[in-house]
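Coordinates in review
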Amino acid sequence: MSNLSLVVSPKSINKRLPGDLAMWFFILAELTVFSLFFIAFAVTEQFNGEMFHAGKSMLHTVAGLINTLALITSSFLVVLSLKFVSLGKNQLTVYLLILSIVAACVYMATKLWEYNQLFVMGIDIETNTFFTLYFLITGFHFLHVILGIVILICIAVNVKKGGYKESITGFEAGASYWHMVDLVWIILFPLIYIL
Amino acid sequence: MITIKKITLSWLLLISLTLVSIRISSVIDEPRLLTFIALFIVFLKAQQIIDNFMELKHAPRKWRFILLSYIFFTPGIIFLIYII
């Protein structure tokens, strides 16, 4: 082996992909699916302008805002908890994870309230094309939030047991998934509630 | 390594941009301008999450590039669909 192959630039030493490589491929697959959903929504809107305008006017923008703030805050708390677990502050990490789960529950409660309001008005997935896409996209995202909460609970239990003393790769992978859920909502929110 | 201060600033920026996007929807009447600004805000917010929350700013460049390309092309395609 030549000496040249042993030369590593200082910049490349710290360049590390957080978490597990498989999780990143999963995240890319999920983002692709959601991107196709969003593009399909935008294209369908062009052919059903009045229906989409009427449909959007029946949605609660404030509920959408609460959901956005809840998910952003939950993601922020997960990043903080990841920092503190690296410092060995397990108790604080657990508290932050519980708070992030509470924020996620605020999202779920608001979303369920929103769905209920529509059901009370007699609106469901079969009402028209707008609401079919609305329930499909937001419902699919909702399922991801549920999975994310389960992952956060598992991480919190593992931190409590002292499971991340040697490696935090699993924690990072779970956190990355949770940020992906947040990322998807950030595109979804203006597309459905604002534009 | 991303510091706690930077993460907190990023969170505050995300909150602020969310409130701005709500505000502009009631202020701007021109649909194309509203679409452009709203989707540009999406890009800014998503970039904050990728760089500071997912910590890809210090990850191998290709991974950061792949993720950023998603949040560039998806709103970009949506913008083109809306203005055509």
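Before reading on, note that the structure itself is shown above.
Focus on the packing of helix α7 (residues 169-194) of chain A against helix α2 (residues 31-53) of chain B
Between α7(A) and α2(B), whose axes approach to 10 Å, the crossing angle comes to 170°. Compared by their axis directions, α7(A) and α2(B) come out roughly antiparallel. Side by side, α7(A) and α2(B) meet where His179(A), Asp182(A), Leu183(A), Ile186(A), Ile187(A), Pro190(A) and Ile194(A) of the first sit next to Leu34(B), Val42(B), Lys45(B), Ala46(B), Ile49(B), Ile50(B) and Phe53(B) of the second. Looking at side-chain class alone, the contact of α7(A) with α2(B) contains 11 nonpolar, one polar and two charged residues.

So, the packing of helix α2 (residues 21-47) of chain A against helix α3 (residues 49-57) of chain A
For the pair α2(A) and α3(A), the least separation of the axes is 5 Å and the interaxial angle reads 115°. Together, Phe41(A), Thr44(A), Glu45(A) and Phe47(A) of α2(A) and Gly49(A), Phe52(A) and Lys56(A) of α3(A) make up the contact between the two elements.

With respect to a nonpolar patch on the surface
Residues and elements named next belong to chain A. On the surface, Val 62, Ile 66, Leu 92, Tyr 95, Ile 98, Val 102 and Val 106 cluster together to form a nonpolar patch covering roughly 590 Å² of accessible area. Among the elements of the structure, α4 (61-86) and α5 (90-120) are those that each provide at least two residues to the nonpolar patch. Ranked by residues supplied to the nonpolar patch, first place goes to α5 with five residues. Here Val 62 is to be found in helix α4. On the basis of relative accessible area, Val 62 is assigned to the exposed category, the value being 57%.

Section: the interface of chain B and chain A
Across the boundary between the two partners, chain B contributes 40 residues, which contact 45 residues of chain A. Summed over the three residues of chain B that lose the most area to chain A, namely Met54(B), Trp63(B) and Tyr82(B), the buried surface amounts to 17% of that side. Remark: the boundary between chain B and chain A carries one salt bridge. A salt bridge links Glu55(B) to Lys83(A); its shortest N-O distance comes to 3.2 Å. Viewed at the interface, chain A and chain B are joined by nine residue pairs in polar contact (both at pLDDT 80 or more). At the level of secondary structure, the elements contributing two or more residues to the side of chain B that touches chain A comprise α1 (4-27), α2 and α3 (61-83) of chain B. Residues that form the side of chain B that touches chain A fall into these classes: 30 nonpolar, eight polar and two charged.

Parameters and conventions
- Residues numbered from 1 in each chain as written.
- Chains lettered and ligands numbered in written order.
- Predicted model: local features only at pLDDT ≥ 70, side-chain atom pairs only at ≥ 80, totals over all residues.
- Heavy atoms only, no water.
- Axes fitted to C-alpha atoms, helices over the stretch in contact; angles between N-to-C directions.
- Helix = DSSP H or I, 4+ residues; strand = E, 2+ residues; numbered from the N terminus.
- Parallel < 35°, antiparallel > 145°, perpendicular 65-115°, else oblique.
- Contact = heavy atoms within 4.5 Å.
- Nonpolar A, V, L, I, M, F, W, Y, C, P; charged D, E, K, R; others polar.
- Patch = residues over 30% accessible without salt bridge, like charges linked within 9 Å, V, L, I, M, F, W, Y side chains within 5 Å.
- Areas by Shrake-Rupley, 256 points an atom, 1.4 Å probe, with all protein chains shown as cover.
- Salt bridge = Lys/Arg side-chain N within 4 Å of Asp/Glu carboxyl O.
- Buried < 20%, exposed > 50% of the residue type's maximum accessible area, 1.4 Å probe, protein only.
- Buried area = accessible area lost by both parts, 1.4 Å probe.
- Polar contact = N/O pair within 3.5 Å; in protein donor to acceptor, adjacent residues only side chain to side chain.

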